[in-house]
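# Results of the structural survey
This is what each chain is made of:
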Number of protein chains: 2
Amino acid sequence: MDTSTTNGNEKVQICSSEFVVAVRDTLNVIRGKWKLPIIGSLCYGKKRFKDLENDIPKITPRMLSKELKELELNSIVTRTVYDTTPVTVEYELTPSGRKIRELLDAMVKWGLQHREAVMSTE
Amino acid sequence: MDTSTTNGNEKVQICSSEFVVAVRDTLNVIRGKWKLPIIGSLCYGKKRFKDLENDIPKITPRMLSKELKELELNSIVTRTVYDTTPVTVEYELTPSGRKIRELLDAMVKWGLQHREAVMSTE
DNA sequence: CCGTATCCGTAATGATACTG
DNA sequence: CAGTATCATTACGGATACGG
């Protein structure tokens, strides 16, 4: 569906398959109940496993571990082990990971707008 | 929507619950395998049930129906029934629904950036 | 045309206990 | 501290058939 409803300025076809793929990529990366909370927490700097557990209410170590692994695989976070006793592990956003912030902002923006819109019609 | 981690000792953040809630709202709305494809298709104008089925490869009527109901409940689409025989039903994005487009654009943008970033390091 | 009803398999998440 | 292992449960989505 390569529709292009060209209005004045360009920038239109969401449905061009290249864009569809990009959206799918993005969704795959942030998929799961805890990915965005984790990223959100890491927006404020490096965190250790325990810090993340404390920051994110109700998350279990199992899920935190699992999601962090996926984020690392997807180059969203880096994991650094320091050879202390006991070991210290730090998680940090990659540059790409930090840019998800813009997406989060867009989500916050839409969420608030939408709530407002819905409220005003009820 | 700024992050400003510097408000005295208080963390003013994305994690401020108001923002967390807004993100969760947004995710709830677009959750599911077919929500964004449906919204994407409706970006190009009103569609009938059958049109959507044709536009979206592999979707079953069960899922299309289910997702449309949720989108309607969330004020993302409107459903209009015309009293013809057989009945005609049209689905259309609400203003709020149309604004999801901005979110899609942000996803496309990040997805492409990220792919680029990952490629260049391999 | 516009859906609904059932049934079923898998994937995602939770609960809890445990290890190096 | 930084995770794993195991088991139970729920959410999600596909297949198919049928109804107004």
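Before reading further, recall that the structure is shown in the block above.
Treat the numbers as computed from the prediction; the structure is a model and nothing was measured.

### Observations concerning the environment of B:Gly32
All names here are of chain B.
- Along the chain, glycine 32 turns up in the loop between α1 (17–30) and α2 (35–42).
- Here glycine 32 falls in the partly exposed class, since its relative accessible area comes to 41%.
- Separated by 35 residues in sequence, glycine 32 and glutamate 67 have C-alpha atoms that sit 7.9 Å apart.

### Description of the interface of chain A and chain B
- Facing 43 residues of chain A, the contacting portion of chain B comprises 46 residues.
- Of the roughly 3800 Å² buried between chain A and chain B on both sides combined, carbon and sulfur atoms contribute 71%.
- Seen at the junction of chain A and chain B, the total is 4 salt bridges.
- As a salt-bridge pair, A:Asp25 and B:Arg115 come within 2.7 Å of each other at their nearest N and O atoms.
- The interface formed by chain A and chain B contains 12 residue pairs in polar contact (both at pLDDT 80 or more).
- For the side of chain A that touches chain B, the element with the most residues is helix α5 (residues 95–120) of chain A, which contributes 20 residues.
- By residue class, the composition of the side of chain A that touches chain B is 23 nonpolar, 12 polar and 8 charged.

### Points about the protein's contact with DNA strand D
- Every one of the 19 residues lining DNA strand D counts as a neighbour, but A:Lys69, A:Arg79, A:Tyr91, B:Lys33 and B:Arg62 are closest to it.
- Of all atoms in DNA strand D that approach within 4 Å of the protein, 66% are sugar or phosphate atoms.
- A distance of 2.9 Å separates a phosphate oxygen of DNA strand D from a polar atom in the side chain of A:Arg48.
- Elements that contribute at least two residues to the surface near DNA strand D include exactly α3 (49–55), α4 (61–73) and β3 (88–93) of chain A together with α4 (61–73) of chain B.
- Looking at the surface near DNA strand D residue by residue, the class counts come to 8 nonpolar, 3 polar and 8 charged.

### Details of α4(A)
Residues and elements named next belong to chain A.
- Taking 1.5 Å of rise per residue, the 13 residues of α4 would be expected to cover 18 Å, and the 18 Å separating its terminal C-alpha atoms lies within 8% of that figure.
- Here α4 has its buried residues at Met63, Leu64, Glu67, Leu68 and Leu71. Buried positions in α4, seen along its axis, are confined to an arc of 125 degrees and lie on one side of it. Pointing more than 90 degrees away from the buried face of α4 are the exposed residues Arg62, Lys69 and Leu73.
- Each element contacted by the buried residues of α4 is listed here: α1 (17–30), α2 (35–42), α3, β2 (77–82) and β3.

### Comments concerning the protein's contact with DNA strand C
- In the neighbourhood of DNA strand C, 18 residues make up the surrounding shell, with A:Lys33, A:Arg62, B:Ser65, B:Lys69 and B:Arg79 lying closest.
- In DNA strand C, the atoms that sit within 4 Å of the protein are 67% sugar and phosphate, with bases accounting for the remainder.
- Here B:Arg79 contributes a side-chain N or O atom positioned 2.4 Å from a phosphate oxygen of DNA strand C.
- Looking at the surface near DNA strand C, the elements that each hand over two or more residues are α4 of chain A together with α3 (49–55), α4 and β3 (88–93) of chain B.
- Ranked by residues supplied to the surface near DNA strand C, first place goes to α4(B) with 4 residues.
- For the surface near DNA strand C, the class distribution of residues is 8 nonpolar, 3 polar and 7 charged.

Conventions and cut-offs
Residues numbered from 1 in each chain as written. Chains lettered and ligands numbered in written order. Predicted model: local features only at pLDDT ≥ 70, side-chain atom pairs only at ≥ 80, totals over all residues. Heavy atoms only, no water. Helix = DSSP H or I, 4+ residues; strand = E, 2+ residues; numbered from the N terminus. Buried < 20%, exposed > 50% of the residue type's maximum accessible area, 1.4 Å probe, protein only. Contact = heavy atoms within 4.5 Å. Buried area = accessible area lost by both parts, 1.4 Å probe. Salt bridge = Lys/Arg side-chain N within 4 Å of Asp/Glu carboxyl O. Polar contact = N/O pair within 3.5 Å; in protein donor to acceptor, adjacent residues only side chain to side chain. Nonpolar A, V, L, I, M, F, W, Y, C, P; charged D, E, K, R; others polar. Near = heavy atom within 4 Å. Expected span 1.5 Å × (residues − 1). Arc of directions from axis to C-beta.

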